[in-house]
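Report on the structure
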Amino acid sequence: MFKENFLWGGATAANQLEGAYDRDGKGLSVADVMPGGKIRFQVLGSETFDWTLDQEKYIYPNHRGIEHYDRFKEDIALFAEMGFKCYRFSIAWTRIFPKGDELVPNQAGLEFYDALIDECLKYKIEPVITISHYEMPLHLAKEYGGWKNRQLIDFYERFAKTVLERYHSKVKYWMTFNEINSAFHFPALSQGMVKSNGGGEFKNILQGWHHQFVASSKAVKIGHDLDPSLQIGCMILYATTYSMDANPINQVASMIQNQAFNYYCADVQIRGKYPAFTERLLKEHNIEWADLDITEEDLELIAEHTVDYIGFSYYMSAAVNETATEEDNVEGNLLGGVRNPFLEASEWGWQIDPKGLRIALNELYNRYQKPVFIVENGLGAIDKVDENGYVEDDYRIDYLRRHIEAMAEAVADGVDLMGYTPWGCIDLVSASTGEMSKRYGFIYVDLDDEGHGTLNRSKKKSFDWYKRVIETNGKEL
Ligand code: BG6
């Protein structure tokens, strides 16, 4: 079944759990100005949003997170108790370079990650680091216009070099950018671009990606020069994409969506060249290749420094129906699309599809022939907690069990699967809504959407269940 050294663990991101948003020299990040609650995307998508903090009007849940910054030892001890082999977390860019364009890193920020990494190693938990997860310095978004600006490559390179040089002897697994393709729908999070600074234009998103591809290759080069055995991956938001029926019109439409969303970024980072469908994709948006600033030198770098493995998140699948009406659309599904009558959805409308994970694993592995790593998966749900902090989260166990079964099927299909790190192994702030009530964890955190609570940690039913899964290397589910 799963390999002997299979990387069972959990995943988080700095901006969603650390808190301490202005402590020890940390600068403001784009996540720090994202309001909480369902208003989040409305605000970010507006023509006028210009990254200002308005504390009178909104709450900012990322400012406090779950105070992991002060409680990381307690949290990692709980991960160790579950038997984690690895822990995926990200380094907040703004702790290391508060504004992003400084020449010298912030020592206090580095010291926090020194301690965090050492705490993992104390329990023989392998750190898996995302260099940038939805939290670029706000200054780079406001003053430089986000990733559409070529200068961002240098700033990212300095950041990546700083952390790779410091940690390469302790940390083997890295990822360059979280869900790089998410900019397709949400350029604010991953490219520092909103409508008011160009995020509404696809050309800017494409330009932003190109700069990120170059930056990612530079990080891969730096890492491999330091130690060729480092494993540096990409990280794609993957949604298995179906045609709604056998109508060739829908088949073609799903093929196009699959290419544009799932494969455009992955092809460049994994194969080292732009896919054959690039020109066509650009043309459909009235963009010419020559409109983009892409140099020969960039393309060489991209070709030479491809990633070692394919990290991806998987939460849901998407169904495409060209002839659908408005009512057929499914609300909440991150990637839109139509309601799939064969699937149930989470309370947030994400359509649950374990079999789609088997398909995703096969599609990715067979297309690229590189090891795959599921670095996010899980069920965001409302938990009912009792007076002892206990949650009977059988729905979460059921979700995870069915996805692990699908993973086992994919391994039997011949897929080289490295590991599995379910999202939000400890409850944290939701990226899309800023809510605490959208919980994923094995560990409950006493904190509500308005920021009230003791922040006490307690074990849910899924805690012991996942512990047993790891103990038996996925045999007992
Ligand atoms: C992924 C992100 O999109 O999904 C995470 O990498 C995010 O940052 C996770 O938290 C779950 O999404 P949400 O919106 O439920 O927090």
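Okay, so let's go over this structure. What you are looking at is a predicted structure, and each value in this text was computed from that prediction instead of being measured. (Residues numbered from 1 in each chain as written. Predicted model: local features only at pLDDT ≥ 70, side-chain atom pairs only at ≥ 80, totals over all residues. Heavy atoms only, no water.)

1. A look at the overall build of the protein
The line we're drawing: Numbering of helices and strands runs from the N terminus; a helix is a DSSP stretch of H or I covering at least four residues, while a strand is a stretch of E covering at least two. Remark: exposure states derive from per-residue accessible area (1.4 Å probe, protein chains only) relative to the maximum for the residue type, with buried under 20%, exposed over 50%, and partly exposed in between. Contacts were defined at the residue level, with two residues in contact if any of their heavy atoms lie within 4.5 Å. To measure how exposed things are, a 1.4 Å probe is used in the Shrake-Rupley method; for residues, cover is taken only from the protein chains shown. Residues scored as charged are limited to Lys and Arg (positive) and Asp and Glu (negative), so that His and the chain ends carry no count. One atom stands in for each charge, and that atom is NZ of Lys, CZ of Arg, CG of Asp or CD of Glu.
Across its full length, the protein holds 15 helices and 14 strands. Taken over 477 residues, the protein has a buried fraction of 60%. Contacts in the protein between residues at least 24 apart in sequence constitute 75% of all its contacts with a sequence separation of at least 6. Carbon and sulfur atoms form 48% of the exposed surface of the protein, whose accessible area is close to 18400 Å². Side chains of the protein carry 49 positive and 73 negative charges; the gap between the two charge centres is 3 Å.

2. Thoughts on the packing of aromatic side chains
The test is simple: Paired rings are identified among Phe, Tyr and Trp, the last through its six-membered ring, by centres lying within 6.5 Å, and are further divided according to the angle between planes into stacked (under 30 degrees), edge-to-face (over 60) and tilted (the rest). Consider the ring centre and the ring normal. A charge sits over the ring if Lys NZ or Arg CZ is within 6 Å of that centre and within 35 degrees of that normal.
Under the defined criterion, the tally for this structure stands at 39 aromatic pairs. Geometrically, the ring pair formed by Tyr-309 and Phe-373 is tilted, given 5.9 Å between the ring centres and 45 degrees between the ring planes. Linking Tyr-309 in strand S7 (residues 309-313) with Phe-373 in strand S11 (residues 372-376), this pair joins segments that are 64 residues apart in sequence. When its relative accessible area of 0% is taken as the criterion, Phe-373 is described as buried. An aromatic cluster is defined as three or more aromatic residues linked by ring pairs; in this entry it consists of Phe-2, Phe-6, Trp-8, Phe-79, Phe-84, Tyr-87, Phe-89, Tyr-420, Phe-442, Trp-465 and Tyr-466. Across from the ring centre of Phe-112, 5.7 Å away, lies the NZ or CZ of Arg-95, which sits over that ring. The ring of Trp-350 has Lys-438 sitting right over it, with the charged end atom 3.7 Å from the ring centre.

3. A few points about the sheet that holds strand S5 (residues 231-237)
Stated precisely, the cut-off is as follows: Paired strands, as defined in this entry, are two strands with at least two bridges between them according to DSSP. The convention used is that axes are lines fitted to C-alpha atoms, helices contributing only their stretch in contact, and that angles between N-to-C directions extend from 0 to 180 degrees.
Ordered by their spatial adjacency, eight strands build a closed barrel running S1-S2-S3-S4-S5-S7-S11-S12, and the pairing between neighbours is parallel. Averaged over all pairs of adjacent strands, the angle between strand axes in this sheet comes to 30 degrees, irrespective of strand direction. Bridging between strand S3 (residues 126-132) and strand S4 (residues 173-177) involves four bridges; their strand directions are parallel. Paired with Ser-132 across the two strands is Phe-177, which belongs to S4. Sheet strands touched by helix H9 (residues 202-226): S4 and S5. Its angle to S4, the strand with the most contacts, is close to 160 degrees.

4. A few points about the site of the ligand
Going by this rule: Neighbouring residues are identified by heavy atoms, a residue being near a molecule or strand if any of them is within 4 Å of it. Polar contacts, as used here, are pairs of N or O atoms within 3.5 Å; protein pairs need one atom able to donate a hydrogen and one able to accept it. Residues neighboring in sequence count only if both atoms are side-chain atoms.
Surrounding the ligand, one finds 14 residues, the nearest of these being Gln-16, Glu-179, Ala-431, Ser-432 and Tyr-440. A distance of 2.9 Å is found between an oxygen atom of the ligand and a side-chain nitrogen or oxygen belonging to His-133. Burial of the ligand by the surrounding chains reaches 97%, relative to a free accessible area of 380 Å².

5. A look at the pairing of strand S12 (residues 417-420)
As defined by bridge partners, strand S1 (residues 7-11) adjoins S12 across two bridges and the pair is classed as parallel. Considered in S12, the bridge of Trp-8 is made with Tyr-420. Note that S11 and S12 share three bridges and pair parallel. Paired with Val-372 across the two strands is Leu-417, which belongs to S12.

6. Details of a nonpolar patch on the surface
Which entries qualify depends on this criterion: Nonpolar side chains (Val, Leu, Ile, Met, Phe, Trp, Tyr) within 5 Å and like charges within 9 Å form the patches, drawn only from residues with over 30% relative accessible area and no salt bridge. By convention in these notes, a salt bridge is any Lys or Arg side-chain nitrogen within 4 Å of a carboxyl oxygen on Asp or Glu.
Taken together, the side chains of Val-252, Met-255 and Ile-256 make up a nonpolar region of the molecular surface, amounting to roughly 240 Å² of accessible area. Tracing the sequence through the fold places Val-252 in helix H10 (residues 248-271).

7. Digging into the pairing of S1
The element S1 is largely enclosed, with a buried count of five among its five residues. Alternating residues of S1 divide into Leu-7, Gly-9 and Ala-11 and Trp-8 and Gly-10, and every residue in both groups is buried.

8. What about the nonpolar core?
As a rule of thumb, soluble globular proteins bury nonpolar side chains together. The condition that has to hold: The nonpolar core is taken to be a set of buried Ala, Val, Leu, Ile, Met, Phe, Trp, Tyr and Cys residues, with the residues joined through side-chain atoms within 4.5 Å.
Counting residues in hydrophobic clusters, the biggest one holds 142 residues, and the most contacted among them are Phe-312 and Met-407. Broken down by element, the residue count for this core peaks at ten residues, all from H9. Beyond its immediate chain neighbours, meaning those up to four positions away, Met-407 contacts Phe-2, Phe-6, Trp-8, Leu-357, Leu-361, Ile-374, Leu-417 and Tyr-420.

9. Side note on unusual backbone geometry
Non-glycine residue Trp-51 carries a positive phi angle of around 75 degrees. Counting through the fold element by element, Trp-51 comes out in the loop between helix H2 (39-45) and helix H3 (68-82). Under the relative-accessibility criterion, Trp-51 is labelled buried at 3%. Phi at Lys-124 is positive, roughly 60 degrees, even though this residue is not glycine. Mapping Lys-124 onto the fold places it in the loop between helix H5 (107-122) and S3.

10. As for helix H15 (residues 461-471)
Buried within H15 we find Ser-462, Phe-463, Trp-465, Tyr-466, Val-469 and Ile-470. Contact partners of the buried residues in H15: S1, H3, helix H14 (394-412), S12, strand S13 (443-445) and strand S14 (457-459). The first or second residue beyond H15 is Asn-473, which carries a positive phi of 50 degrees.

11. Thoughts on the pattern of salt bridges
Close approach of charged atoms allows side chains with opposite charge to pair. Taken as a whole and assessed by the stated rule, the structure comprises 33 salt bridges. Note that Glu-67 is salt-bridged to Arg-64, the shortest N-O span being 2.9 Å. The class for Arg-64 is partly exposed, based on a relative accessible area of 31%. The partner of Asp-393 in a salt bridge is Arg-396, with the nearest N and O atoms 2.9 Å apart. Arg-396 shares its class with Asp-393; the two are buried. A network of salt bridges, in which partner residues are shared, links Asp-383, Asp-393, Arg-396, Asp-427, Arg-439 and Lys-460.

12. Considerations on the packing of H9 against H10
We apply this condition: Oblique is the label for any angle not covered by the other classes, which are roughly parallel (under 35 degrees), roughly antiparallel (over 145) and roughly perpendicular (65 to 115). Throughout, a crossing is termed right-handed when the near helix is turned clockwise from the far one, and left-handed when it is turned anticlockwise from it by less than a right angle. Classification used: nonpolar for Ala, Val, Leu, Ile, Met, Phe, Trp, Tyr, Cys and Pro, charged for Asp, Glu, Lys and Arg, polar for all others including Gly.
One way to put it is that H9 packs onto H10 with a least axis distance of 10 Å and a crossing angle of 30 degrees. Relative to H10, the element H9 is oriented roughly parallel. Regarding H9 and H10, the two cross each other, and that crossing is right-handed. The residues of H10 that touch H9, namely those facing Leu-206, Trp-209, Phe-213 and Ser-216, are Tyr-264, Cys-265, Val-268 and Gln-269. Counted by class, the contact of H9 with H10 contains six nonpolar, two polar and no charged residues.

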